[in-house]
Amino acid sequence: EAGVTQSPTHLIKTRGQQATLRCSPISGHTSVYWYQQALGLGLQFLLWYDEGEERNRGNFPPRFSGRQFPNYSSELNVNALELEDSALYLCASSFRGYTTDTQYFGPGTRLTVL
Amino acid sequence: ELKVEQNPLFLSMQEGKNYTIYCNYSTTSDRLYWYRQDPGKSLESLFVLLSNGAVKQEGRLMASLDTKARLSTLHITAAVHDLSATYFCAVANTNAGKSTFGDGTTLTVKP
């Protein structure tokens with residue numbers, strides 16, 4: 001069974017640009033979660049999508065947004081990039097949109113903002 | 001707001017020794033996870049602990065959960081170099097669809 005996949009692996013942007021990160025969940029999983037792992041800040045919850053709807057978001061500004069497609073894949077968009085957005089962005093998926101199901105993580109996208 | 005504290009944050013140990021990583025959390029939760037992360041890599045799920053008194057073991061690692069004390073431990077027995085990694089505990093937030101992570105414990109096992 002294929003795991004969570006993310007693309008691209010690495011992404012280099014400059015300040016002010018927009019970045020788009022993509023995630024495909026494990027087959028059968030309907031929930032997708034996004035986390036940011038920035039140096040010195042640990043793993044921070046960004047967004048949770050389930051059945052195409054945004055269910056919850058962490059303490060991030062509105063320029064962090066995303067969506068979930070009918071096939072349950074997801075996209076994270078970061079607008080007006082700032083230097084501090086440089087981080088590893090991890091996507092996870094679970095079978096249901098409840099915390100009783102384990103989240104399986106993808107390999108991540110490393111975003112570098114210059 | 002749920003807070004998760006891990007200690008120690010850095011741990012250097014010799015092969016063959018035992019040690020314990022602690023994870024304290026501030027409010028009740030559905031479940032607690034332990035993950036392993038190798039440098040530059042993603043998170044690998046190690047254990048999921050569901051209820052008070054739960055104990056799970058895999059190889060040289062054993063995790064336990066005390067929900068009354070809001071404490072989980074990850075015990076390492078007879079450490080080997082391959083266990084060198086960063087270990088995170090994470091606590092699930094009820095109905096919030098997210099896990100709150102501790103800051104991680106970076107373990108280095110030396111010969």
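Refer to the structure printed above.
The structure presented is a predicted model; accordingly, all values stated were derived computationally and were not measured.

**Student:** What exactly am I supposed to notice about the pattern of salt bridges here?
**Tutor:** Side chains that differ in sign of charge can pair as their charged atoms come close. Residue and element names in this part refer to chain A. If you walk through the whole model with that rule in mind, you get 5 salt bridges over all chains. Glu75 is the partner of Arg22 in a salt bridge, and the nearest nitrogen-oxygen pair spans 3.8 Å. Here Glu75 lies in strand 8 (residues 74-78) and Arg22 lies in strand 3 (residues 19-24), a separation of 53 residues in the sequence. Judged by its relative accessible area of 43%, Arg22 is partly exposed. Measuring nitrogen to oxygen at the nearest pair gives 2.7 Å for the salt bridge that ties Arg63 to Asp85. Residue Arg63 is located in the loop between strand 6 (53-57) and strand 7 (64-68), and its partner Asp85 is located in the loop between strand 8 and strand 9 (87-94); the two are separated by 22 residues in the primary sequence. The pair Arg63 / Asp85 is uniform in exposure class, with both members buried. Linked through salt bridges whose partners overlap, the residues forming this network are Arg22, Arg67 and Glu75.

**Student:** How should I be thinking about the interface of chain B and chain A in this particular structure?
**Tutor:** Size of an interface, as often reported, equals the accessible area lost when the parts are brought together. Across the boundary between the two partners, chain B contributes 20 residues, which contact 17 residues of chain A. Summed over both partners, the interface of chain B with chain A comes to about 1600 Å²; 53% of that surface belongs to carbon and sulfur atoms. The largest share of the area that chain B buries against chain A comes from Ser42, Gly97 and Phe101 of chain B, three residues that together contribute 27% of it. Taken together, the connections running from chain B to chain A amount to 4 residue pairs in polar contact (both at pLDDT 80 or more). Every element with two or more residues in the side of chain B that touches chain A is listed here: strand 4 (32-37), strand 5 (43-49), strand 9 (85-92) and strand 10 (99-101) of chain B. Classifying every residue of the side of chain B that touches chain A gives 8 nonpolar, 8 polar and 4 charged.

Rules and cut-offs
Residues numbered from 1 in each chain as written. Chains lettered and ligands numbered in written order. Predicted model: local features only at pLDDT ≥ 70, side-chain atom pairs only at ≥ 80, totals over all residues. Heavy atoms only, no water. Salt bridge = Lys/Arg side-chain N within 4 Å of Asp/Glu carboxyl O. Helix = DSSP H or I, 4+ residues; strand = E, 2+ residues; numbered from the N terminus. Buried < 20%, exposed > 50% of the residue type's maximum accessible area, 1.4 Å probe, protein only. Contact = heavy atoms within 4.5 Å. Buried area = accessible area lost by both parts, 1.4 Å probe. Polar contact = N/O pair within 3.5 Å; in protein donor to acceptor, adjacent residues only side chain to side chain. Nonpolar A, V, L, I, M, F, W, Y, C, P; charged D, E, K, R; others polar.

Geometric descriptors of this kind do not, in isolation, establish any biological role.
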